[in-house]
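If you want the building blocks of each chain, they are given just below.
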Amino acid sequence: MTISGAKHVGMFYPQISGQSEQFWVGENSSDYAIAEQELGYFDSSEKLRSSANEAIHYYPVNQTTLLIRITECIQPEIVNLALDTENVKTTGEQKSRRAPIQSFKTEQSYFVKLIFNQSITNWLLQPTKANQQDANISATTEQLLFSAGMQIRLISDFLNLLSDPLTNLCPRPVLQSKVAQLSQAFSIGLVMVHCIDFHQINKKFGHQFGDNVIREIASNLREITREGDILSRFGGALFGVAFPANEKTDVASLAKKLQRILQQKQYLDGAINLQFDLGAAIVEHDEFVDTESERANTLINRADQALKVAQQENQPSIITWHKDDFNLYQQQFNYLGGIFTADTVTDYRNMLLLWDISSLIADKFDFSQLCQSVVQRLAQTFDFVCAGIISAQESHETEYKYSIDSDDNATPLNTKDHAFLAEIKQMQKVAIETKKPSERYMGSALILVLPLEIETQDCFFICGHAERFEVKHDTKVLLSGLTRQLGKALRRSRLEEELNRKLESQNEQLQIELAQLKEGLQVSRIVYRSTAMENLMRQAKRAALTDTTVLVTGESGTGKERLINALHQMSNRNDKPLVIVDCGSIPETLIESELFGYVKGAFTGAQNTSSGKVLDANGGVIVLDEIGELPLNMQTKLLRFVQEKHFTPVGGNKVINVDVKIIAVTNRDLAQEVELGTFRKDLYYRLNVLTLQNPPLRERTDDIALLSTHFLKKFAEQFKVAKPSITPDTLKKMLEYSWPGNIRELENRLMQATLLCEGSEINWDLLNIEHEAIDNQSTLTSDLSKPNVQVANPASQHDKELSHHHPQQYVTPTPVAINNNQKLRSSHVNSEQYLEQLLIVFKEQLAKSGQHPQFFNAPYGTWIEEELIIKTYLATDRKMRLTAARLSISQSTARRKVEKILNEIDSGITERPSDWNELTEALIPIATGNIQIANCIAKIKLLVLEGILSTPVYSMAQAAEMLGVSEPTFYKLKRELESSVS
């Protein structure tokens, strides 16, 4: 500009991008930008003149404007590949394999626009007539033009490196950098978009069509988003959209818009439609973070967590990150998110290291070789002196420690010669206590200790020179993840060693024990052939051979008592007493004295000393039946006994030691009871050492025919009649029936049929099972699992499906014209008012239904809980995580209860009063989330109890039956209700 005397200089380089990106110098330079019609001027007009090498062409537009086109010829130089014609001779059709390489010339042009105040300088128009000074200026100007072209070409190459070659979107590091800059002034939102089952497109159509789909998605994202939004492709079919946002609703709104439009579009010329999962998050401007780069990392990690939850749903979903929600599920997310940086080279190094070490852990079974290989692979990436595992156990003190030689080979380390062993042990204690990496500088050395997190005192340490061994945040995250995997491999190795030692010590006794097992099976009279029971009995055999506490679970009627007898017969205590204590039938005030006994005079009426059930079982097996019915204060005393195997009788002061094997039995979900606070967590973990889950009969249908034969033979001998047989059609229906009462129901049905059978065959009618139980077998479960089903009104949708499958039990609800329901559906009702109105509705329902003999003692508490769970499940669009959160229960509990309810519906055993819809309508505000109640299920249970106690009942046993719980549980809930009222 100084040399030419122009007031404005504009430059345009088309290779930088498809858009007209230009560079200007001068005041108001944008007003003088190169217009599109001026680019065509070079082809339609004659040039005024050209440079000596024909690379620069000058085109005057008018007296004050000059356009210049600079053309570069790009031809790569090929060295030492040309044909040496002096040394190579060809004759006839012979041809040298080192023929000259064919080259292709390409040209690139860029354009310059000069605007002068009055007229174009003469030496630019006619350099041949210029004086020597102007000629020198002209030559200098041409050199500057070529130099400017080289600089712009460098900018073009740099921009190409910073864009995705397939979509021209920026990669993750660029997005991370831009987000860090924007976050200095704004709150930033990020939406991650992932195409569901994209790998199927590559598999079905090929990678070329897959690339086309990626381009189409990127193009659609450009159309949907604003010009200032940051679009990025993270890789594969994963995209990101970052933008300044005011609040979380802005992010959620954009996510909904992106999903809706992207799923409406058709791809590959209308051949396919796609579905997308989205994860959205925001980082507020006033959130405290150490650096702006850390703020960008936080935003990406949040959106990544939300996307992972969305991908766990069974239909396309949008999840927005929220602190309270994701604190509950943070353990589900792995460590991969923290190893990514803004440096692609470091990211590639970390991923390659992760892949290699994961492969080593998967392939190598000998832990000593595995650990040595892992240390050696780490040494190829990081510069350190020694590394390995340090253990608090003396037997492992000299194992798994290695030094690195000059060739990066790992050799065993002599810990006696190690200077920092004492410091490493101190750091080990800190790492175990904090469960975080411990880092310390010792002179010129840097020591890093990472816990293996396998419930032991083992840690992984690395020692190196501080100048060469640099530990950044991503390095700590990566090494922490790798050491956790290494810890799992170590635990696996030690378990295998322990198991091998036990197996060696047991081999000599296997033949004797096998005979005892066969004899025990015959005595216990367990009849089975199914795979489920074979697996159970295989576990039972192992459990019987040890003194480990065993927890036996299963539905009522599955044969838990038979299994207990089998455990006793198969154990080495089969000649010792088997004492069964029914914890649910003993009054709360007598449980302690019944279990542990009492001394004379311990309480009124204690005229003699009683040994107690535990002492009676000394040397043998004690069975704590219905362990879930124990009150909390008794659970504390039982925990001490389970831990120490000693107790003190009531009123005594002498500690008595006993040798007993403990078997706990329950038909409850103790994990759920722990969450509800009705069962001690520490006692649960003590009992749940080895669990034997007795499968229900519907899960072992292969045994139905065998069990039927066994029972028919038994009843024929018992009643002195000929043994009848079951018709094939009846057996088929029996296999289809769900058997809610399990084996006990099967036994009772067959006993009844044997007594009523007048011929030699038992048909279906003799079993006295209602036909609806088979005829109404439906596909409700599969219907509920279908994706993309919209539920406009959760209550009506539920009742519609139930009415479709069970028209006699469920009818389409009609508008309820009672004031209480209208109040319940009002948006101005708070949770306390809602519970008051719901109690009134329930009392009215109880008064109506109680007049009908069929529903006089109906389990209303269980019914209401089931209605609330299934309505919430449908209202959340079958999202189990939201269902569990809304009802304040765990996901596993919600999933189990939903499956149980659906099975009952399919089995046709869901009879309800004809006016039951009035009560279920009242539960909709909870199901839809309009009313939020903490500990929802527990509070509804207390509300039902209050309603039952307000009506005339002839006994507390009847009240417990109406609540759907056992008597001990009923009394416990009654005390809770009384304490809450007082």
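- The name an unreviewed UniProt entry gives the protein is Diguanylate cyclase, with Aliiglaciecola lipolytica E3 as the organism.

1. Considering the overall build of the protein
Move 1: Counting its regular elements, the protein contains 38 helices and 28 strands.
Move 2: The 982 residues of the protein split such that 45% are buried.
Move 3: Here the contacts in the protein between residues at least 6 apart in sequence split such that 69% fall between residues at least 24 apart.
Move 4: In the form shown here, the protein has an accessible surface area of approximately 51,500 Å², with 48% of it arising from carbon and sulfur atoms.

2. Structural notes on the packing of helix 32 (residues 880-887) against helix 33 (residues 891-907)
Move 1: Two numbers describe how helix 32 lies on helix 33: the axes approach to 8 Å, and their chain directions differ by 105 degrees. Classified by the angle between their axes, helix 32 and helix 33 sit roughly perpendicular to one another. Residue-level contacts link Met880, Arg881 and Ala884 of helix 32 to Gln891, Ala894, Arg895 and Val898 of helix 33.
Move 2: Looking at the contact of helix 32 with helix 33 residue by residue, the classes come out as four nonpolar, one polar and two charged.

3. As for the packing of aromatic side chains
Move 1: Inspection of the entire model under this criterion finds 16 aromatic pairs.
Move 2: With centroids separated by 6.2 Å and ring planes inclined at 25 degrees, the aromatic side chains of Phe715 and Phe719 adopt a geometry described as stacked. Within this pair, Phe715 and its partner Phe719 are both found in helix 23 (residues 704-719), separated by four residues, close to a single helical turn.
Move 3: Judged by its relative accessible area of 2%, Phe715 is buried.
Move 4: Assessed through its relative accessible area of 26%, Phe719 is described here as partly exposed.
Move 5: Aromatic pair Tyr860 and Trp863: ring centres 5.8 Å apart, planes at 75 degrees, arrangement edge-to-face. Residue Tyr860 and its partner Trp863 are both found in helix 31 (residues 860-875); the two are separated by three residues, about one turn of the helix. Of the two residues examined, Tyr860 and Trp863, each falls in the buried class.

4. With respect to the environment of Thr475
Move 1: Topologically, Thr475 is positioned in helix 14 (residues 473-506).
Move 2: For the pair Thr475 and Phe382, spaced 93 residues apart in the sequence, the C-alpha separation amounts to 9.7 Å.
Move 3: Residue contacts for Thr475: discarding those within four places in its chain leaves Arg349, Phe382 and Glu470.

5. With respect to the sheet that holds strand 9 (residues 238-245)
Move 1: With respect to topology, five strands assemble into an open sheet ordered 8-9-7-12-13, the strand pairing being mixed. Single-partner strands in this sheet number two, and they are strand 8 (230-235) and strand 13 (318-320). Each strand axis lies, on average, 20 degrees off the axis of its neighbour in the sheet, ignoring direction.
Move 2: Relative to strand 13, strand 12 (residues 276-283) runs parallel, the two sharing three bridges. Note that in strand 13 the partner of Ala280 across the bridge is Thr320.
Move 3: Together, strand 7 (187-195), strand 8, strand 9, strand 12 and strand 13 form the strand contacts of helix 9 (residues 292-312), whose direction differs from that of strand 12 by roughly 145 degrees.

6. What to know about unusual backbone geometry
Move 1: We note that Asp877 has phi near 60 degrees; this positive angle belongs to a residue other than glycine.
Move 2: Following the sequence through the fold, Asp877 ends up in the loop between helix 31 and helix 32.
Move 3: Residue class for Asp877 comes out buried when judged on its relative accessible area of 19%.
Move 4: Backbone geometry at Arg878 places phi at a positive 65 degrees, although glycine is not the residue there.
Move 5: Topologically, Arg878 is positioned in the loop between helix 31 and helix 32.

7. Points about the sheet that holds strand 25 (residues 661-666)
Pairing between the strands of a sheet is mediated by backbone hydrogen bonds and can be parallel or antiparallel.
Move 1: What the five strands build is an open sheet, ordered 21-22-25-20-26; its pairing is parallel. The open sheet terminates on both sides in strands that have one partner only, identified here as strand 21 (578-582) and strand 26 (690-694). The average angle at which neighbouring strand axes cross in this sheet is 20 degrees, direction not considered.
Move 2: Taken together, the five bridges between strand 20 (residues 550-554) and strand 26 define a ladder with parallel strand orientation. Each bridged residue has a counterpart across the sheet, and for Gly554 the counterpart in strand 26 is Asn694.
Move 3: Against the sheet, helix 17 (residues 560-570) engages strand 20, strand 21, strand 22 (621-625), strand 25 and strand 26, with an angle of about 155 degrees to strand 20.

8. Looking at the packing of helix 5 (residues 172-182) against helix 9
Move 1: Relative orientation of the contacting elements helix 5 and helix 9 amounts to 120 degrees, with a least axis distance of 8 Å. It follows that helix 5 is oblique to helix 9 by the angle criterion. Of the two possible hands of crossing, helix 5 and helix 9 adopt the one that is right-handed. Together, Arg172, Leu175, Gln176, Val179 and Ala180 of helix 5 and Glu292, Ser293, Ala296, Asn297, Leu299 and Ile300 of helix 9 make up the contact between the two elements.
Move 2: Of the residues contributing to the contact of helix 5 with helix 9, the split by class is six nonpolar, three polar and two charged.

9. Some words on the pairing of strand 25
Move 1: Across the six residues that make up strand 25, a large majority, six, are buried.
Move 2: Where burial is concerned, the two faces of strand 25 agree: the one with Lys661, Ile663 and Val665 and the one with Ile662, Ala664 and Thr666 are both buried.
Move 3: As paired strands, strand 20 and strand 25 are joined by four bridges and run parallel to one another. Its bridge partner being in strand 25, Val550 is matched across the sheet by Ile663.
Move 4: Here strand 22 pairs with strand 25 via four bridges, running parallel. For Ile622, the partnering residue across the bridge sits in strand 25 and is Ile662.

What counts and what doesn't
What you see as residue numbers is a count from 1 along each chain, following the sequence as written. Where local features are concerned, this predicted model is filtered to residues with pLDDT of at least 70; where side-chain atom pairs are given and counted, the filter is 80 or more; whole-chain, interface and lining totals use all residues. With hydrogens and water excluded, all non-hydrogen atoms of the structure serve as input to the side-chain values. Each helix is a run of DSSP H or I of at least 4 residues and each strand a run of E of at least 2, with the numbering of both proceeding from the N terminus. Note on classification: 1.4 Å probe, protein chains only; a residue is buried when its accessible area is under 20% of the maximum for its type, exposed when over 50%, partly exposed between these limits. Working rule for contacts: check all heavy atoms of both residues, and any pair within 4.5 Å makes them a contact. Only the protein chains shown count as cover for residues, and all accessible areas are computed by the Shrake-Rupley method using a 1.4 Å probe. Think of each axis as a best-fit line through the C-alpha atoms, taken over the contacting stretch in the case of a helix, with angles from 0 to 180 degrees between the N-to-C directions. Roughly parallel refers to an angle under 35 degrees, roughly antiparallel to one over 145, roughly perpendicular to one between 65 and 115, and oblique to any angle outside these ranges. The classification used treats Ala, Val, Leu, Ile, Met, Phe, Trp, Tyr, Cys and Pro as nonpolar, Asp, Glu, Lys and Arg as charged, and all other residues, Gly among them, as polar. Side-chain rings of Phe, Tyr and Trp, where Trp is taken by its six-membered ring, are said to pair if the distance between their centres is within 6.5 Å; with planes under 30 degrees apart they count as stacked, over 60 as edge-to-face, and otherwise as tilted. Note: two strands are recorded as paired if DSSP finds a minimum of 2 bridges between them. Should the near helix be turned anticlockwise from the far one by less than a right angle, the crossing is termed left-handed; should it be turned clockwise, right-handed.

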